[in-house]
Every structure is written in C-alpha cells, then in structure tokens.
Amino acid sequence: MDSIPIHSSEDYFDSDSSSSGEEGETESKVVYVPKCPDDLKPKIGQSFITLDRALDFYNNYARYVGFDTRKKGSKKEKDVITWIYVVCSREGTKQRKNEQHEVKRKRSSIKCFCNAKVSWKFFMGVGYVIQSFVEEHNHEMVEERHKRFMKLNRNLDLVHQKFILDCANANIGPTLSFSLLKEVLGGLDYVGCTVLEVRNYRRDLRAYVEGADAQMLLNEMRRKKELCGAFTYEFEVNSKDRLTRLFWCDPTAKRNYHMYGDIVSFDTTYSTNRYCMIFAPFTGKDNHGRPVTFAAGLLSKESADSFSWLFKQFVKCMGVAPKLIVTDQDLGMKVAIAEVLLSTRHRWCMWHIMNKVADKLPKNMLGSEELKKELNACVWSELIEPDAFEESWHAIMERYGLANNDWFSSMFASRKFWVPAFFRDFPMSSLIKTTSLSESQNSFFKRYSKCRANLMLFYMNYNHALEAQRSNSAKLEYYDSTKVPILRTELEIEKHASTIYSGSAFNAIQEEIVYACFSLSCSTLGMSTNRENEVYNINDKDSNSWTVTYSIGDDTYLCGCKKFERLGLLCSHILCVLKYKFVKLIPENLRGWRWLKSQFVKPIHGGFCDDEEILSVVDEKKIAFKNLYALFFEIAQSIEGNIDQINAFTAIIEEGKKQLLGSVVLSSTEKRALIENFYGSQVPNIIEVHPPNVVSTKGSGSRRKSKKESAMKLAMKPGRKCGNCHVIGHHDSRNCKKVNEKAKQRQ
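Presented here is an overview of the structure given in this document. Computed from a prediction, not measured in an experiment: that's the story for all the values here.

Let us now look at the overall build of the protein. Looking only at helices and strands, the protein features 24 helices and 20 strands. The proportion of buried residues among the 747 residues of the protein is 42%. In the protein, 63% of the contacts between residues at least 6 apart in sequence involve partners at least 24 apart.

Here it is in structure tokens:
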C-alpha cells in the first residue's frame with residue numbers, strides 16, 4: 001500500500017478553504033498517511049543548505065509516495081527568500097466565476113481541499129529549516145502505474161531537451177519527436193514526459209527569440225561576413241526599424257552562379273516563416289541537370305520596387321547579370337527586370353500560360369481534343385521558326401473562331417516573351433522553359449521549413465536544405481569520378497563521351513549516338529560541297545530533313561534543328577555526319593561547357609576567380625564528439641542485457657563526470673545555454689532591427705462568399721445533435737443560445 005487510510009471525525013479543513021456548508025458542521029473524513037522510508041520523510045527542524053536542495057528533497061518524497069506539489073507562497077527580504085510554503089497540488093478548490101458568465105467549456109478540477117503541506121524558514125548560517133509539516137492527505141496516492149503522468153515526473157531534463165533540440169534542428173515536429181524519444185528511452189513508462197511537455201518546450205524555443213529574431217539573424221550574417229569576406233548580405237528597414245527586405249549569398253552559391261548562371265529561374269513562394277515574408281530564391285541548373293541555388297531573398301511586398309531592389313543586390317553581388325531569366329507573368333517582376341536587368345532576356349513560364357487555356361476557351365470548345373492537340377503542337381514546338389509559328393497560330397484561331405478572343409490576342413501580342421520559336425537562336429534557351437524548376441526547389445525548401453518558424457529557424461532550415469542540395473551534387477560528382485558507364489557500342493566516340501560528360505548528360509548523348517549510328521531512319525540523304533562548306537541532308541525518324549553545314553575553314557558544325565545551340569548537347573544529325581566523316585572523338589568545339597564533368601567545366605561569366613575565398617573548415621570538436629557518441633552507443637548496445645555491466649558502466653561514467661566537472665549541479669542559467677547553442681547566439685541586449693509585421697501576400701485573403709453560397713455549403717454538411725436543445729442541426733451546446741436567439745429574431 002502507498003498510504004494508510006485513517007478515519008477521523010474532526011473538522012479537517014482550514015477555515016479559509018472551507019466549502020459552503022454550515023459553520024461547525026463536522027463529518028467523518030478518511031485521512032491517508034503515505035508510507036515511505038524514514039530517510040525520505042521530511043521532519044520538523046530538518047535543515048538544508050540551499051532552497052533548491054530543500055525543494056528537491058520534498059519533491060522526491062512526493063514523487064515516491066505519489067502526489068504532486070506546488071508553491072503556495074513565499075516571503076522575500078533583500079533578494080533572499082526567508083519563508084516558503086509548498087502544498088499538495090490538490091489543496092484548495094477551483095475558483096468559480098460569476099454564474100451569469102457563459103461557460104464555454106467544462107473543465108474538471110483536481111482540487112479537493114487537501115491540507116498536506118510543508119514550510120521552510122531561512123536562518124543565517126544554517127540554511128532553510130522545516131518549520132511545519134502536515135503529512136496527512138484526504139485523497140489516495142497515485143498508483144504506481146500512473147505515476148509517470150504526475151507533473152513531478154514530467155520534467156524535461158538535459159537528455160530530453162537536447163533530443164528535442166536535435167529534432168527541431170532536423171525539422172521534426174513535437175509528435176514525432178516524442179515517438180522517437182519513446183523508442184530511444186525504452187518505452188512510454190520510461191520517457192519521463194508526455195507529448196504536451198515536448199510541445200511546450202518547442203513553444204518556449206520559439207518564444208526565446210520573440211521580438212529579437214531579425215536582429216539575431218543580421219548578427220549571424222555579420223559574423224559570417226567577418227569570417228569570410230566573400231559572404232554577402234544586404235537588408236532594408238522601414239521607418240519603424242522593421243525588416244522589410246533581405247538578400248544573402250554565400251561564396252559557394254556565388255561560385256555556382258559563375259559556373260552555371262547563364263539561365264536563371266526566379267519564382268516566389270509563401271508559408272516559409274511566421275511573418276509570411278515572401279521567399280525568393282534564384283535557381284539554375286548544374287552540369288547534372290539538377291537545381292542549384294544561386295542566392296535568396298526575403299521581401300515584405302511583391303511590388304516592382306521590392307523586386308528591383310532584389311535584382312540590384314543580385315547583380316551587385318555577382319558582378320554580372322544572367323543572360324536569360326524565367327519568371328511567371330507577374331507585372332512587378334516584368335517592370336523590375338526591364339528597369340534593372342537591361343541586357344537580360346526575359347521569358348515567361350510556358351506552363352502557367354498554357355494552364356490558363358481551359359479557363360479562357362468558350363465552354364463549347366472545352367472538350368475539343370483536336371484544338372488541344374493542334375495548339376500544343378504549334379506552341380511547344382522548338383523546331384519551327386517564328387514565321388511558321390505565326391502562320392500556324394492564325395490558322396488555328398480562324399479555324400476554331402478564336403481570332404477575336406481577347407486573351408488569345410493578348411498572348412499572341414506578347415509571343416516574344418514565351419513562345420519557344422522566338423528563342424531558337426538564343427543560346428541555351430531550352431535549358432529552362434518554365435518555372436517548374438523554381439517550384440520544385442520551393443517545395444524542396446518547404447520540406448525543411450515550417451510556416452510558424454521565426455527568422456532564425458527559417459535561416460537555419462534554409463542552410464540545412466542548401467547543405468542537402470550540395471551534398472547530392474557532390475555525390476553525383478563522386479559517381480562521375482568513380483563509376484564507369486556501361487557502353488552500348490564499340491564506337492570510340494561513345495567511349496570518348498563517357499570520359500568527358502557528366503552521368504546524366506552522357507545518358508542523353510549515348511541515346512543520340514546509338515540512334516545516329518545504328519538506326520535506319522537516321523541516314524545521309526545527300527551531300528554537296530564547295531570551297532568553304534560541306535552541306536549534308538540528314539533524315540530522322542519523323543521523316544524530317546535537316547541540313548548540317550560543316551565549315552571547312554573554322555572546323556565547325558551547324559544543324560538546322562539547333563539543338564546544340566539551344567541545349568548544349570549534340571543532336572543525332574551532327575553525330576550522323578561525324579560518323580560519315582569517320583570522326584572518332586568529339587571535336588572540342590562540339591563538347592559545349594555546361595554538361596561536362598565538374599573538373600572540365602569552365603565559368604560562363606568572365607572575371608571570375610576560381611580561388612574565391614570559400615569558408616570550408618573541418619570542425620575537429622564535432623568529429624571528436626561524433627566519435628564519443630559512437631563509442632557510447634557501441635558500449636551501451638553491447639551491455640544492454642546485463643544489469644551488472646550496466647551498473648558498472650554507469651559508475652565509471654559518474655566517476656568520470658566528477659573528475660571532469662566536479663560535483664556541479666547545472667543551474668537553469670546553464671540549461672539555457674542549450675537553447676543559445678541551438679540558435680548559435682544569445683538574444684542581443686540592443687535591438688536595432690525589429691521583426692517585420694505579418695505580411696499580407698497576393699492570394700492570402702479569401703474571397704467573401706455570398707449568403708446563398710454559404711447556406712448551400714452549410715446544407716451539405718451532415719447535422720449533429722445539440723446537447724442543450726437536443727435538436728439535430730449545425731450547432732452545439734456552446735453556441736445553442738445564440739443560434740436560437742438569431743432564429744427567433746428572423747421570425
């Protein structure tokens with residue numbers, strides 16, 4: 001038994017906490033006296049050096065016998081607590097509010113007038129001495145199997161806190177963090193907390209930087225700038241010193257831009273931070289065809305001025321503008337690009353435009369598969385010239401009666417911004433035709449971020465995502481240097497391609513080589529020559545005839561399909577000519593630059609120094625800590641089933657702890673260092689830049705529905721029975737009174 005019941009007929013309750021019964025009324029009460037070893041039970045006159053030790057002693061006693069405690073009151077003189085009272089958590093009664101006040105939710109109470117308590121008084125030179133101790137309770141003690149739910153047993157120690165912080169760093173939510181913690185510690189009975197404590201700790205983690213996250217973020221970027229001069233960041237604040245614009249770029253991103261930054265995709269996304277600031281990354285493709293981030297920004301407004309500022313910072317950081325930029329049809333972006341990126345070709349996302357076709361067509365044409373087929377063949381084709389596109393477009397508009405459609409007319413007027421036929425002569429224009437690359441990266445970044453994240457958490461999550469992106473790129477470079485591709489032919493030109501191209505590029509080139517050299521549909525129809533050129537007519541599988549011109553003096557090849565110019569990869573038509581001329585190695589001027597292995601890629605933007613300062617430091621402390629972790633888990637796993645070895649190993653660790661740290665108990669201030677270490681900095685005393693106001697972005701508001709539409713939507717919902725009026729409808733007991741009053745007013 002945890003307690004001994006004793007019947008008493010005296011009035012057990014204090015006068016200040018008595019119920020509404022008559023004065024002097026007595027009744028038989030059951031008193032429970034907890035059973036425990038004498039060394040755990042408090043005794044009047046017992047002294048403790050510090051208040052923490054006194055409280056820990058009583059809490060350990062309460063934890064052992066099975067009840068929770070809370071501080072009732074204290075007295076303080078000159079920053080010293082001279083008197084403190086601790087009572088059972090079930091002391092007193094729940095305060096009742098005015099009966100006229102509407103109770104929105106019924107909540108039970110644990111309080112039952114329990115009088116168990118203890119008090120300490122401080123004596124100079126002695127410490128805290130127990131002055132009074134009431135041992136008896138008027139309720140049963142908590143059963144052993146339920147003790148893990150007691151508040152005293154639901155405290156987060158350093159193990160819990162460190163684990164929760166590690167999960168937060170990995171963007172793992174509280175519920176999954178608790179599940180992982182349960183597995184690590186051996187089950188729910190041994191976790192020592194509930195998921196509620198984990199959620200509250202994550203809440204406190206966010207609250208730690210409340211109001212200071214913008215300043216902490218700028219301080220972190222300033223620190224990086226001091227460590228590495230190649231790191232760049234710029235920001236702007238409004239008249240109230242609130243952050244409104246931020247741009248940043250690290251040295252590795254800057255290097256990637258100079259290697260692959262001729263074509264840039266730019267798109268914005270939402271829901272990455274608690275302030276709803278617009279996240280705007282600059283994205284391109286590397287030599288493996290994978291997305292690569294060049295820089296990023298945060299904006300409070302999607303205006304032309306905001307985009308102009310961001311583009312100016314981007315060009316200032318990189319030193320040169322991209323050759324082509326792909327965006328959606330946002331007017332602010334269009335104005336900003338025309339104002340800042342003067343030498344940059346602007347292209348609209350084709351997918352966004354073609355996705356609107358179904359909304360702009362007359363209803364009687366929505367099911368026309370012929371129109372869809374003809375329009376896609378006309379618009380998406382990269383093999384026709386602008387004149388052919390215009391002729392085909394006008395024919396389709398006339399055939400289907402769309403010549404006077406305003407939307408189709410406006411899209412035709414803006415055809416130079418989005419139709420591939422008008423980009424055939426632009427270098428590498430087929431690399432990025434839509435903003436799907438940016439959208440995939442936005443989705444990738446969102447997997448590492450939360451919509452409720454403060455700016456510090458957002459920046460940490462961004463760096464984690466960037467680290468994963470670069471790790472994947474490094475893995476592909478490793479495969480390029482170690483793996484030998486499987487060849488499908490005995491041709492020397494295929495073997496040569498396997499040694500110079502990246503893995504993904506070689507797979508595409510290999511298909512063209514096999515088709516050009518072994519397919520009957522790809523053949524040379526004829527050849528003519530003069531002093532300067534050799535002209536070849538090549539047939540392909542679609543029965544198209546293409547002209548490949550070889551310049552004898554320049555040793556260059558030019559194909560009418562322009563795939564090499566548009567994408568940087570050789571087409572089967574040029575490869576067919578190389579086979580005809582018995583060329584065994586790909587000429588240097590036909591290798592391109594983008595799709596080569598990383599060691600062969602050359603910068604596309606001039607003036608870039610490959611020795612750019614890049615911060616790359618091997619942290620020996622992290623390596624040593626990782627080895628310590630590995631050693632601990634290796635030993636723990638080995639002795640898991642042997643209690644004697646576990647106790648021996650625990651004793652060794654305790655002895656080592658005393659030798660390294662001494663008999664030091666971590667204070668709350670030192671525990672706070674865990675959160676500071678998580679963020680990498682402390683909350684600054686002086687805050688010059690305040691967090692932004694919550695931004696109202698495009699599309700963030702919801703359309704106001706009409707009364708008819710709302711009523712129709714409500715009618716479709718299944719009804720439920722109200723616990724107050726017992727009528728099946730669309731209300732419950734909490735709002736029953738208001739609903740019925742409104743119904744009466746309408747009548």
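Taken together, the five strands give an open sheet; going across it, the order is β3-β7-β6-β5-β4, and neighbouring strands pair in antiparallel fashion. Each edge of the open sheet carries a strand with a single partner, namely β3 (47-48) and β4 (69-77).

Bringing the pairing of strand β14 (residues 345-348) into the picture now. For a regular strand, side-chain orientation follows a simple rule: the groups alternate between the two sheet faces. Where strand β13 (residues 324-327) lies against β14, four bridges are found, and the strand directions are parallel. Note that in β14 the partner of I325 across the bridge is H346. Note that the unit made of β13, helix α8 (residues 331-340) and β14 has a crossover that is right-handed.

Mapped onto the elements of the fold, E676 is located in helix α22 (residues 668-679). Look past the residues within four positions of E676 in its chain and what remains in contact with it is Y208, S681 and Q682.

Sheet strands pair by backbone hydrogen bonding; their relative direction is either parallel or antiparallel. The strand order across the open sheet built from four strands is β15-β16-β17-β18, with neighbouring strands paired in antiparallel fashion. In this open sheet, the two edge strands, each paired with only one partner strand, are β15 (523-529) and β18 (556-559). Shown here is a sheet whose adjacent strand axes are inclined to one another by a mean of 20 degrees, direction ignored. Alignment of strand β17 (residues 545-551) against β18, held across four bridges, turns out to be antiparallel. Of the residues in β18, the one forming a bridge with S551 is T556.

Our focus in this paragraph is the packing of aromatic side chains. The final tally for this structure, using the stated rule, is 43 aromatic pairs. Considering the side-chain rings of Y58 and F67, the 6.1 Å spacing of their centres and the 70 degrees angle between planes classify their relative orientation as edge-to-face. Across the pair, F67 and Y58 agree in class, each one buried. Taking 4.9 Å as the distance between ring centres and 15 degrees as the angle between the ring planes, the aromatic pair formed by W348 and F417 counts as stacked. With W348 in strand β14 and F417 in the loop between α13 (406-413) and α14 (436-446), this residue pair connects regions lying 69 residues apart in the sequence. W348 sits in the buried class, given a relative accessible area of 6%.

Quick notes on the rules
Residues numbered from 1 in each chain as written. Predicted model: local features only at pLDDT ≥ 70, side-chain atom pairs only at ≥ 80, totals over all residues. Heavy atoms only, no water. Helix = DSSP H or I, 4+ residues; strand = E, 2+ residues; numbered from the N terminus. Buried < 20%, exposed > 50% of the residue type's maximum accessible area, 1.4 Å probe, protein only. Contact = heavy atoms within 4.5 Å. Pairing = 2+ DSSP bridges. Right-handed = clockwise from strand over helix to strand, strands pointing away. Axes fitted to C-alpha atoms, helices over the stretch in contact; angles between N-to-C directions. Phe/Tyr/Trp six-rings, centres within 6.5 Å; stacked < 30°, edge-to-face > 60°.

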